Amino acid sequence: MNGSHFLESVTDIGYTWTKGLTSQSFDWMFEKEEILPFLEWVCNSLGSSNMLSNGELKQFDDLGKRGHILIGQQLDEALKSIESSDGEYLPSDEDIRKDSESLEHEIMRSKKWKEQLIKQRNQLSVHNTSLGHRQAQIGKLEAKAKQYLVYHLQRNQSDNDTVSILLVLICHKPL
């Protein structure tokens, strides 16, 4: 996850203020571990499929001006009447096309996300192998260092014993 994913996501949902910006402009946001889950959600969830187009917003405003927007109890009654009727709602060809396009776009984004996760997994696997190799090398060096230490401790002990014996002989020898 990086600035390019964020830039792609906000551009996809129609923000025009991103023109002229580069993905590096947003990379700093991904340095904070605390906000990564939110940024991942934004990049993976927001898309044109769950945003209203300008035309849809205009239609909504027009409906509101004409008083055709149902709220509260009116909305509840309308929903009950739809649920109780025998006929099913059939979407128009345009609705189906829009839904299909948005789902295809979501599939493409999911594939990109999957590829990125696979790339990260592969990088972590290589890193893990490298660390395992380093650990093995350190283990060999540690074993050699222990042998060296034991050898010199034994040699020091032997030298110490020799000096102790000589001191005892010197101290007990009559002058």
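Calculation notes
Residues numbered from 1 in each chain as written. Predicted model: local features only at pLDDT ≥ 70, side-chain atom pairs only at ≥ 80, totals over all residues. Heavy atoms only, no water. Helix = DSSP H or I, 4+ residues; strand = E, 2+ residues; numbered from the N terminus. Rg over C-alpha atoms; globule rule 2.2 N^0.38 Å. Buried < 20%, exposed > 50% of the residue type's maximum accessible area, 1.4 Å probe, protein only. Contact = heavy atoms within 4.5 Å. Areas by Shrake-Rupley, 256 points an atom, 1.4 Å probe, with all protein chains shown as cover. Lys, Arg positive; Asp, Glu negative; His and termini not counted. Charge placed at Lys NZ, Arg CZ, Asp CG, Glu CD. Arc of directions from axis to C-beta. Expected span 1.5 Å × (residues − 1). Axes fitted to C-alpha atoms, helices over the stretch in contact; angles between N-to-C directions. Parallel < 35°, antiparallel > 145°, perpendicular 65-115°, else oblique. Left-handed = near helix turned anticlockwise from the far one by under 90°. Nonpolar A, V, L, I, M, F, W, Y, C, P; charged D, E, K, R; others polar. Core = buried A, V, L, I, M, F, W, Y, C linked by side-chain atoms within 4.5 Å. Salt bridge = Lys/Arg side-chain N within 4 Å of Asp/Glu carboxyl O. Patch = residues over 30% accessible without salt bridge, like charges linked within 9 Å, V, L, I, M, F, W, Y side chains within 5 Å. Polar contact = N/O pair within 3.5 Å; in protein donor to acceptor, adjacent residues only side chain to side chain.

## Considering the overall build of the chain
Each helix and strand counted, the chain has 5 helices and 0 strands in total. When the helices and strands of the chain are placed in sequence order, the string is α-α-α-α-α. Here the C-alpha atoms of the chain give a radius of gyration of 37 Å, more than 25% beyond the 16 Å that 2.2 N^0.38 yields for 175 residues. In terms of overall dimensions, the chain has a C-alpha envelope of 130 × 45 × 25 Å along the principal axes. Residue burial in the chain is summarised as follows: out of 175 residues, 11% are buried. Excluding contacts between residues fewer than 6 apart, the proportion of contacts in the chain whose partners are at least 24 apart in sequence is 65%. For the chain, the accessible area works out to roughly 14,900 Å², and carbon and sulfur atoms hold 59% of it. Taken together, the 20 basic and 26 acidic charged side chains of the chain have centroids lying 14 Å from each other.

## Points about helix H1 (residues 3–12)
The periodicity of an α-helix, 3.6 residues per turn, causes residues three or four places apart in sequence to face the same way. Taken as a whole, H1 has its buried residues at Gly3, Phe6, Leu7, Ser9 and Val10. The arc that holds the buried residues of H1, viewed along the axis, is 165 degrees, so those residues lie on one side. Packed against the buried residues of H1 are helix H2 (36–45) and helix H5 (93–172). With its phi angle positive at about 105 degrees, Gly14 sits one or two positions after the end of H1.

## Comments concerning H5
End to end, H5 covers 115 Å across 80 residues, agreeing with the expected 118 Å (1.5 Å per residue, within 8%). Among all positions in H5, only Ser102, Arg109 and Gln116 are buried. Residues of H5 that are buried sit in contact with H1 and H2.

## Looking at the packing of H1 against H2
For the pair H1 and H2, interaxial distance at closest approach is 8 Å and the crossing angle is 45 degrees. As far as their axial angle goes, H2 and H1 are oblique. For the element pair H1 and H2, the recorded crossing hand is left-handed. Residues His5, Phe6 and Ser9 of H1 form the contact with H2, whose own contacting residues are Leu39, Val42 and Cys43. Taken together, the residues of the contact of H1 with H2 sort by class into 4 nonpolar, 2 polar and no charged.

## Some remarks on the nonpolar core
Membership of the largest hydrophobic core is limited to 11 residues, which are Met1, Phe6, Leu7, Val10, Phe26, Met29, Phe30, Leu36, Leu39, Val42 and Cys43. Contributions of two or more residues to this core are made by H1 and H2. Residue contributions to this core peak at 4 residues, all from H2. Apart from the residues lying within four places of it in its own chain, the contact partners of Phe6 are Phe26, Met29, Phe30, Leu39, Val42 and Cys43.

## Thoughts on the pattern of salt bridges
A full pass over the atoms with the stated rule returns 6 salt bridges. Here Asp62 makes a salt bridge to Lys58, at a shortest N to O gap of 3.5 Å. Of the two residues, Asp62 and Lys58 are both situated in helix H3 (residues 54–66); the distance of 4 residues between them amounts to about one turn of the helix. Residue Asp62 is classed as partly exposed on the basis of its relative accessible area, which comes to 26%. Here Arg97 and Glu101 are joined by a salt bridge, their closest N and O atoms 2.6 Å apart.

## Considering a nonpolar patch on the surface
A cluster of nonpolar residues, Ile165, Leu166, Leu169 and Ile170, forms a patch on the protein surface that exposes about 420 Å² of accessible area. For Ile165, the location among the structural elements is in helix H5.

## Let's talk about the environment of His5
Relative to the helices and strands, His5 resides in helix H1. Measuring from C-alpha to C-alpha, the distance between His5 and Ser81 comes to 43 Å, with 76 residues separating the pair along the chain. A polar contact of 3.1 Å, which involves the side chain of His5, links it to the side chain of Gln116.

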